[in-house]
Amino acid sequence: IRDRYDEALKTFQDSLQKNPTPDVGVVAQFGIGNIYRDTSKWDDAIKAFKLTVEKYPGTPQALESAYWIAACTQQKGDNAGAIPLLEAFLKANPETPLTPLATFVLGNAQIATGQNDAGVATLTMVAEQFPDSPPAPFTYFSRSQVFAAAQNVAEVNKLMREFIEKYPKDDKIYFAYNSIGQNASSAGNVDLAIATWREFVERYPEHAKA
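Conventions adopted
- Residues numbered from 1 in each chain as written.
- Predicted model: local features only at pLDDT ≥ 70, side-chain atom pairs only at ≥ 80, totals over all residues.
- Heavy atoms only, no water.
- Helix = DSSP H or I, 4+ residues; strand = E, 2+ residues; numbered from the N terminus.
- Rg over C-alpha atoms; globule rule 2.2 N^0.38 Å.
- Buried < 20%, exposed > 50% of the residue type's maximum accessible area, 1.4 Å probe, protein only.
- Contact = heavy atoms within 4.5 Å.
- Areas by Shrake-Rupley, 256 points an atom, 1.4 Å probe, with all protein chains shown as cover.
- Lys, Arg positive; Asp, Glu negative; His and termini not counted.
- Charge placed at Lys NZ, Arg CZ, Asp CG, Glu CD.
- Expected span 1.5 Å × (residues − 1).
- Phe/Tyr/Trp six-rings, centres within 6.5 Å; stacked < 30°, edge-to-face > 60°.
- Lys NZ or Arg CZ within 6 Å of the ring centre and 35° of its normal.

Draft legend 1. Focus on the overall build of the protein chain. For the protein chain, the helix and strand inventory stands at 11 helices and zero strands. Reading the helices (α) and strands (β) of the protein chain from amino to carboxyl end gives α-α-α-α-α-α-α-α-α-α-α. Its C-alpha atoms give the protein chain a radius of gyration of 21 Å, clearly above 17 Å, the size a compact globule of 210 residues would have. Oriented by its inertia axes, the alpha-carbon framework of the protein chain measures out at about 70 × 35 × 25 Å. Per-residue burial for the protein chain yields a buried fraction of 43% across its 210 residues. Residue pairs in contact within the protein chain that sit at least 24 positions apart in sequence constitute 39% of those at least 6 positions apart. Just so you have it, the protein chain exposes about 11,700 Å², and 54% of that area is on carbon and sulfur atoms. Of note, the protein chain has its 20 positive side-chain charges centred 3 Å away from the centre of its 25 negative side-chain charges.

Draft legend 2. Focus on helix α10 (residues 173-186). With 14 residues, α10 extends 20 Å between its outermost C-alpha atoms, agreeing within 8% with the 20 Å of an ideal straight helix rising 1.5 Å per residue. For α10, every residue scored as buried is listed here: Ile173, Tyr174, Ala176, Tyr177, Asn178, Ser179, Ile180, Gly181 and Ala184. Lining the buried residues of α10 we find α8 (136-149), α9 (153-166) and α11 (190-203). Note on α10: the residue one or two positions beyond its end, Gly188, has a positive phi of about 85 degrees.

Draft legend 3. Region of interest: the packing of aromatic side chains. Within the structure shown, the criterion is met by 12 aromatic pairs. Ring plane angle 65 degrees and centroid distance 5.4 Å describe the contact between Tyr174 and Phe200, whose orientation is recorded as edge-to-face. Residue Tyr174 is located in helix α10, and its partner Phe200 is located in helix α11; the two are separated by 26 residues in the primary sequence. Looking at Tyr174, the relative accessible area reads 16%, which means it is buried. Each residue in the set Tyr174, Phe175, Tyr177, Phe200 and Tyr204 is aromatic and connected to the rest through ring pairs, giving one cluster. The residue whose ring lies beneath Arg143 is Tyr140, and the NZ or CZ to ring-centre distance is 4.5 Å. If you follow Lys172 out to its NZ or CZ, it ends over the ring of Phe138, 4.0 Å from the centre.

Draft legend 4. Local environment of the environment of Lys41. With respect to the helices, strands and loops of the structure, Lys41 is situated in the loop between α2 (22-38) and α3 (42-55). Along the primary structure Lys41 and Lys76 are separated by 35 residues, whereas in three dimensions their C-alpha atoms are 8.7 Å apart.

Right under this line is the structure:
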């Protein structure tokens, strides 16, 4: 796999050296950014995506690159640096396929920098405004971690129950039930714990955890 990345990177770099037409150049420049991103070379990826934005403004690749500049900044651990980039991206692009994901990343970056209330509010926005988006189910678990750390068991259980009702076919369904069951057991409410796990078994008899 590593050899394939190296080969693709060389192909893109060679293409750019030949002064290609914009439609070819943007594919090569964006491709370089994707390779660096996929190989976790965050600084190189950010540089490549910035060049895509600067050289090929108005293209779909430039729009996506603007997101990846922010996301790679967050991925390399600079959550504080990623927040204004994500906010700027969302302000400029309030309705794109990347908007739910950018909002999700923003919420997690806010939580990572200690802005728990803001982060929870941002993640709630994803769940409410983009319930069918890929990151929406994950927001329930990200938010529940914040409340679990604050020992707010009631809010954790509320989020897990909302998740169960909204995403009954999600592959994380067992973890939602188990969270409620474990919380009840830890609180000494054995009847609720048993009822929770019994409900899971009855609703998902074919599940590996049943």
